[in-house]
Amino acid sequence: MSRLEAKKPSLCKSEPLTNERVRATLCVLKGILTSSYGPSGRLKQLHNGLGGCVCTTSQSSALLSNLSVTHPILKILTTSVQNHVSCLSDCGLFTAILCCNLIENIQRIGLKPTTVIKLNKQLLSLCTSYLQSEFCGCRIRVDFSSTQTLLCLVRSIVASKPACMLTRQEIDHISALILRAFLLTIPENTKDRLILGESIIVPLKGQRVTDSTVLPGILVEMSEVQLMKILPIKKTDAFKVALFCASLSGDFPDTGEGTIVVNSGVSLENAVLDQLLNLGRQLVSDHVDLVICQKVVHPSLKQFLSTHHMIAIDRVGAALMEALSKVTGTQPIGSLGLISPSSYGSIKDLCTAKFGFKHFLHLLPNEATICSLLLCNRNDTAWDELKLTCQTALHVLQLTIKEPSVLLGGGCTETHLAAYIRHKTCNESESILKDDGCTQTELILLTDAFCSALESVAGSLEHDGGEILTDMKYGHFWTAQPESPSVVNWPDLLSRCGCGLYTSQEELRWSFLKSTHHSFAPQTCLPHEAVGSANNLTLDCFTAKLSGLQVAVDTANLILDLSYIIEDKN
């Protein structure tokens, strides 16, 4: 077919970051992200003008997946952050805000992109080396003999999601449940490597948050009528299980454009039913107690199994199949032919449970590395946000098992790291600049832009106009109430730093975060006494934050290095 109109030439734009419209759009995105950051972040409602569901959230994964961005620069930024979140679940807003801050600050100083990228990589290397070092003043090694640090980490994640609409008591309850659910996925006996189980989140909307609970095994939702048909369950030893992913409904698969040739006088329905009943007879002869099917079980087969005192559960869905395979210790059966004896699995026990208005069949495994987190919240919106939060927290705990460290939260890592980098570049500029071909003035300018970007991320935690400070000993983040008097005794207005590790009663000097900075060496090597005595620390995932820092700097470097954007308008 011939082209109806002439092909349009590609649109080529040079130096995209010099465009005021692009800067304004980037500023709007930054405003959306910074206003969502932290426990007191403002909620966002995202919806399509043509209709559909409304998403109320402050989480980066929900925000960025529901935001429609068209400019290539914004697409690079949001895609980088989304890739980070898809891999590590946490610190998405931190990554996005830091990237925006870096772009904004570096644009102001007007250095060449090549110089910026070289020095940014040097400063990033200083940050990562320090955070991974033994003398880092904002990293805590996790002691697995106690759950205190892990509980603080989970509580910090849950408390930072205001759209969950939780009270302090509910935050503590959910945090304890998440940690318990995670601990249930750790096998008791491990050989060469640790293989974690799975936590399945079971929805129960419209109930009190404090009604949430954790149970070992799997909860399969069933109607009360279905449960009454299989009760009472009389068995003292383990249950032999047949797990099917193939349909047992007797329906014919779609043949597409093909045809089925049937001999005269043959009934396809009867032939398939006979095949199903033959399968049932084999299950009976193999002494199977429980048949679980992902799809539908034919009523005649159900009746046949019931008369032989076998329990049949169908329509469990694809989502539960992997967990059921782990619980029963077998792979799903995908055909209606002869079944090998090795294809059967087993469970320890089977019982019924009722929570709220829902009825469940509770499958208890032989080895409990699968558990069900029965999650309650008042409404659909709050429940969706809480589910996402629980998934994030569970993933963060898995990451912490691999890398048993956490970082101080509440903005303290950012301000402490900025103080360390400022002092390091001020005192060791020659070693940093070696073989880079950059001047000391360029290093000073970029260091200030880099550290200010980190400090601005910490400052984004304050949404009510309060005073933002940092102490000159530890380099931690502090906030005071808005409209503080001009002459003030700061220890009277400040209680604890952002992470909760230090109190204002120590002999400290404070400086406004956005004032002129004087280089000082923040205290490194966290004292064990201080960490051990603090019960309510605000903590961040080490792996996610370190990766977020690297993604933010790399993405900012990429965007700052863009000379042209070429768009095909056809």
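Bear in mind that the values here come from a model prediction, so they are computed numbers and not experimental data.

1. Things to note about the domain arrangement of the protein chain
Interface size is commonly expressed as the accessible surface area that is lost when the partners come together. Partitioning the protein chain into domains gives domain 1 (11-138 + 408-567), domain 2 (145-192 + 379-403) and domain 3 (218-249 + 269-367). Once you take the C-alpha centre of each, domain 1 and domain 2 turn out to be 25 Å apart. In this complex, domain 1 contributes 26 residues to the contact, which on the side of domain 2 involves 22 residues. Here domain 1 packs against domain 2, burying approximately 1,900 Å² in sum over the two surfaces, 56% of which is carbon and sulfur. Looking at the side of domain 1 facing domain 2, the largest losses of area belong to Gln59, Ser89 and Leu539, adding up to 28% of the total buried there. The interface formed by domain 1 and domain 2 holds six residue pairs in polar contact (both at pLDDT 80 or more) in total. Those elements giving two or more residues to the side of domain 1 that touches domain 2 turn out to be β3 (55-57), α2 (60-66), α3 (72-88), α17 (528-533), β19 (539-541) and α18 (542-560). Sorting elements by how many residues they give to the side of domain 1 that touches domain 2 places β19 first, with three residues. By residue class, the composition of the side of domain 1 that touches domain 2 is 11 nonpolar, 13 polar and two charged.

2. A closer look at helix α6 (residues 148-159)
In a regular helix each residue adds 1.5 Å, so 12 residues correspond to 16 Å; α6 covers 16 Å between its end C-alpha atoms and thus fits that length. Of all 12 residues in α6, nine are buried, a share of seventy percent or more. Taken as a whole, α6 has its buried residues at Thr149, Leu150, Cys152, Leu153, Val154, Arg155, Ser156, Ile157 and Val158. Here the buried face of α6 lies against α7 (168-184), α12 (380-402), β15 (405-408) and β19.

3. Points about the environment of Leu305
Along the chain, Leu305 turns up in helix α10 (residues 299-307). A residue is classified by how much of its surface remains accessible, and Leu305, at 1% relative accessible area, is buried. Sequence separation between Leu305 and Pro113 is 192 residues; the distance between their C-alpha atoms is 72 Å. Not counting residues up to four positions away in its chain, the partners in contact with Leu305 are Gly280, Leu283, Val291, Met310 and Ala312.

4. Section: the sheet that holds strand β11 (residues 345-347)
Sheets are built from strands that pair by backbone hydrogen bonding, the pairs being arranged parallel or antiparallel. A sheet is described by the order of its strands in space; here four strands give the open sequence β10-β9-β8-β11, paired in mixed fashion. One side of each edge strand has no neighbouring strand; the edge strands of this open sheet are β10 (311-313) and β11. Neighbouring strand axes in the sheet, compared pairwise and without regard to direction, differ in orientation by 30 degrees on average. Where strand β9 (residues 290-293) lies against β10, three bridges are found, and the strand directions are parallel.

5. What about the pairing of β15?
Looking at chain direction, strand β4 (residues 139-141) and β15 are connected through three bridges and run antiparallel. Bridge assignment links Ile140 to a residue of β15, and that residue is Val406. Across three bridges, β15 lies against β19 in antiparallel orientation. Across the sheet, residue Leu407 finds its bridge partner in β19, namely Asp540.

Conventions used here
Residues numbered from 1 in each chain as written. Predicted model: local features only at pLDDT ≥ 70, side-chain atom pairs only at ≥ 80, totals over all residues. Heavy atoms only, no water. Domains from an automatic or database assignment. Contact = heavy atoms within 4.5 Å. Buried area = accessible area lost by both parts, 1.4 Å probe. Polar contact = N/O pair within 3.5 Å; in protein donor to acceptor, adjacent residues only side chain to side chain. Helix = DSSP H or I, 4+ residues; strand = E, 2+ residues; numbered from the N terminus. Nonpolar A, V, L, I, M, F, W, Y, C, P; charged D, E, K, R; others polar. Expected span 1.5 Å × (residues − 1). Buried < 20%, exposed > 50% of the residue type's maximum accessible area, 1.4 Å probe, protein only. Pairing = 2+ DSSP bridges. Axes fitted to C-alpha atoms, helices over the stretch in contact; angles between N-to-C directions.

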